[in-house]
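Single-letter residue listing:
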Amino acid sequence: MLIKVKRGWELSENLATPEKLFINRRQISKAIAAGSLLSTSALLATTYRTDAYEKNINSPLVNKLAPRNEKFVLDRPLTSEKYATTYNNYYEFGSHKNIWKQAQKLTTNPWKVSVDGLVEKEFQIDIEDLLKKVDLEERLYRHRCVEAWAMAVPWIGFPMKQLVEIARPKASAKFVVMRTVSESKKEMPGLKQFWYPWPYTEALTIDEAINELAFIVTGMYGKPVPPQNGAPLRLAIPWKYGFKSIKSIISFSFTQTRPKTFWESLANKEYGFWANVNPKIDHPRWSQASEWMIGGSKNDRIPTQLFNGYGEFVSHLYKNLESENLYR
Ligand code: MTE
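Residues numbered from 1 in each chain as written. Predicted model: local features only at pLDDT ≥ 70, side-chain atom pairs only at ≥ 80, totals over all residues. Heavy atoms only, no water.

Caption draft 1: Representation of the overall build of the protein chain within the structure. In terms of regular secondary structure, the protein chain is built from 11 helices and 12 strands. A total of 328 residues make up the protein chain; the buried ones form 55% of that total. Residue pairs at least 24 apart in sequence account for 73% of intrachain contacts in the protein chain once pairs closer than 6 positions are excluded. Carbon and sulfur atoms form 53% of the exposed surface of the protein chain, whose accessible area is close to 15200 Å². (Helix = DSSP H or I, 4+ residues; strand = E, 2+ residues; numbered from the N terminus. Buried < 20%, exposed > 50% of the residue type's maximum accessible area, 1.4 Å probe, protein only. Contact = heavy atoms within 4.5 Å. Areas by Shrake-Rupley, 256 points an atom, 1.4 Å probe, with all protein chains shown as cover.)

Here it is, written out as C-alpha cells:
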C-alpha cells in the first residue's frame, strides 16, 4: 500500500489555501466533471488586473488548461494578487518598490530568447515557438526576498529542465547564465543609474537548473505574468533568496566558468552566487531568522526555514560544497 507521509511544513490544502480559492477548486472539479473546460487558473483569477493583461487571458503564456502540480503545497495562505503585483523589486524601473505603473511601458511582444555558449547549436527562438515545446503547469511556491519579506504565489510556467533539454548543452557546460533585457532607457529608467552593472545577470549550476523545483514562469494568478513581475519569462527559484529569480529573460548562455552575477558584482560581501535561504546566517546588516508576508504587518514574523522549506528537494545539491559561501 502506498502511504503518503506528510512533510513537516505541509498542511492540508484547505488550510493552506484561502477558503474562497478552496471552494473555487471544488467548483473546478465539478465543472471539469460536467465537461466544461473551465481551468483552475481561470477560476483562480482575482480582480486585480491591468487592462493590457486582461485582454491577454487567453494567451499561450498561460494556456487555460495548465494543470496545477499538486506536489508543491503551501504552509500559509496565498498572497493576494494585489500585493504581489504592486510591491516589487525590479531595479531597471527604479530602486524602490513602487515600479508597477512604470513597468507597463515594457515592450514584451515580440520577444525572442537566445540560447548560446556551450550548446550543440546556438539558436534564437520566439517565445511563442518555445512555449509549443514545453508543458505548462501551475505551482504554488513561497518566495523569500533577501530583504526579509516573503510571499506565496500561484505561478504558471514550465520546469527549467525542459529548457535545458531543448538547449542541448555540451558536456563541458557547468553553468546557465541568464540576462534581463536592457535595451531601452526610455522604457526602463533605472538603467540610467550607471553605477549598476547592467544588464541584470543571474546564473545557476546545471545541476540546480535541472532540479525539479527550478521553474520558468510565464504566468501568475491565472494570467500572463505582468511586466512588474518579469514579463514575459522569469525564473522562480524558491529555495534561494529572491534576487536569483531573474525577470524578463532574453538569453540563456551555457558556460564552463562561473560568471559574476549582478548583485555579486555590486556587493559581493552581501550577495553571493549561491544565496540559499538560511535563517542562521545573517545578512551583514540584518537578521535572516524570520520574515514577514507582504500585505501583512512587518511585525507579524514567521520563522524562516533552511532552503525556504524546500530542503528535501535541494539539500543534496550542496553536499560537497561546504567550503563555499552557500548562504548569502
Ligand atoms: N530581476 C531583474 N531583472 N531586476 C531586478 O531588480 N529583483 C530581484 C528578482 N529579479 C530583480 C529581478 C529581487 S531582489 C526579487 S526579491 C524578485 O525579483 C522580486 O520579484 P517580484 O517583484 O515578482 O516579487
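Caption draft 2: Structural detail: the site of the ligand. Contacts to the ligand come from 18 residues, most closely from Tyr91, Glu92, Thr180, Arg234 and Lys247. In this structure, a nitrogen atom belonging to the ligand sits 2.8 Å away from a side-chain N or O atom of glutamate 92. Asparagine 229 places a side-chain nitrogen or oxygen 2.9 Å from an oxygen atom of the ligand. Out of a free accessible area of 530 Å², the ligand has 99% covered by protein chains. Across the shell around the ligand, the residue classes break down as eight nonpolar, seven polar and three charged. (Near = heavy atom within 4 Å. Polar contact = N/O pair within 3.5 Å; in protein donor to acceptor, adjacent residues only side chain to side chain. Nonpolar A, V, L, I, M, F, W, Y, C, P; charged D, E, K, R; others polar.)

Caption draft 3: Structural detail: the environment of glycine 230. By the secondary structure assignment, glycine 230 is in the loop between strand S8 (223-224) and strand S9 (234-236). Given the relative accessible area of 0%, glycine 230 is considered buried. Placed 122 residues apart in sequence, glycine 230 and threonine 108 show a C-alpha to C-alpha distance of 9.9 Å. Excluding anything up to four places from it in sequence, glycine 230 contacts Tyr90, Val225, Lys247 and Ser248.

Caption draft 4: Local environment of the pairing of strand S1 (residues 112-117). Sheet analysis places S1 next to strand S2 (residues 123-126), joined by four bridges and oriented antiparallel. Paired with lysine 112 across the strands is aspartate 126, a residue of S2. Hairpin connection from S1 to S2: five residues lie between these consecutive antiparallel strands. Bridging between S1 and strand S10 (residues 249-255) involves four bridges; their strand directions are parallel. (Pairing = 2+ DSSP bridges.)

Caption draft 5: Expanded view of the nonpolar core. By size, the foremost hydrophobic cluster in this structure holds 85 residues, and its most contacted members are Trp155, Phe158, Met160, Leu235, Trp239, Phe252 and Phe254. It is strand S4 (residues 149-159) that contributes the most residues to this core, six residues altogether. Beyond its immediate sequence surroundings of up to four residues, tryptophan 239 is in contact with Glu208, Asn211, Leu213, Ala214, Asn276, Val277, Phe307, Asn308, Tyr310, Val314, Leu317 and Tyr318. In this structure, Leu78, Leu140, Ala152 and Met293 belong to the second largest nonpolar core, which totals six residues. (Core = buried A, V, L, I, M, F, W, Y, C linked by side-chain atoms within 4.5 Å.)

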